[in-house]
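Residues per chain, in single letters:
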Amino acid sequence: STLRARPFFKFKMVSLKLQKRLAASVLKCGQKKIWLDPNEINEISLANSRRNISRLHRDGLIIKKPVVVHSRARVAVRNEA
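Residues numbered from 1 in each chain as written. Predicted model: local features only at pLDDT ≥ 70, side-chain atom pairs only at ≥ 80, totals over all residues. Heavy atoms only, no water.

*Asks:* Outline the overall build of the protein chain, listing residues and values.
*Replies:* The number of helices and strands found in the protein chain is 4 helices and 2 strands. Looking at the protein chain as a whole, 20% of its 81 residues are labelled buried. Contacts spanning at least 24 positions in sequence make up 66% of the contacts within the protein chain whose residues lie at least 6 apart. Working note: accessible area of the protein chain is about 7400 Å², and carbon and sulfur atoms make up 56% of it. (Helix = DSSP H or I, 4+ residues; strand = E, 2+ residues; numbered from the N terminus. Buried < 20%, exposed > 50% of the residue type's maximum accessible area, 1.4 Å probe, protein only. Contact = heavy atoms within 4.5 Å. Areas by Shrake-Rupley, 256 points an atom, 1.4 Å probe, with all protein chains shown as cover.)

The following block contains the structure:
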């Protein structure tokens with residue numbers, strides 16, 4: 001019998017949709033503003049409640065990204081002339 005070579009994956013991809021949605025709700029922002037620590041995916045994937053998500057936020061595993069600045073400096077310089 002011939003054995004088929006299976007590709008060896010170091011990490012199995014886990015869906016963190018629920019965790020991201022809960023974090024967005026707990027931190028009162030959009031899902032795009034949520035950062036999940038890629039080194040702690042296993043621990044984050046175990047969190048399935050708002051209380052667990054807020055604990056992870058306190059521990060720094062889930063962070064609310066800062067607001068992106070849309071600077072009008074170039075427009076002001078252009079409009080000076």
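*Asks:* Talk me through unusual backbone geometry; I want residue IDs and the actual numbers.
*Replies:* Positive phi outside glycine occurs at lysine 28, with the angle close to 55°. With respect to the element layout, lysine 28 can be found in the loop between helix H1 (17–26) and strand S1 (34–36).

*Asks:* Before we move on, can you summarise the packing of H1 against helix H3 (residues 50–59) with the specific residues and values?
*Replies:* Between H1 and H3, the least distance of the axes is 9 Å, while the angle of their chain directions is 75°. Judged by the inter-axis angle, H1 sits roughly perpendicular to H3. Judged by residue contacts, Gln19, Leu22, Ala23, Ser25 and Val26 of H1 engage Arg50, Ile53 and Ser54 from H3. Tallied by class, the residues present in the contact of H1 with H3 amount to 4 nonpolar, 3 polar and 1 charged. (Axes fitted to C-alpha atoms, helices over the stretch in contact; angles between N-to-C directions. Parallel < 35°, antiparallel > 145°, perpendicular 65-115°, else oblique. Nonpolar A, V, L, I, M, F, W, Y, C, P; charged D, E, K, R; others polar.)

*Asks:* Outline the nonpolar core, supporting the account with residue identities and numerical values.
*Replies:* Membership of the largest hydrophobic core comes to 14 residues, with the highest contact counts inside it found for Ile34, Leu36, Ile44, Ile53, Leu56 and Ile62. Counting residues per element, this core draws most heavily on H1, which supplies 3 residues. Apart from the residues within four sequence positions on either side, leucine 36 is in contact with Leu16, Ile44, Leu61 and Ile62. (Core = buried A, V, L, I, M, F, W, Y, C linked by side-chain atoms within 4.5 Å.)

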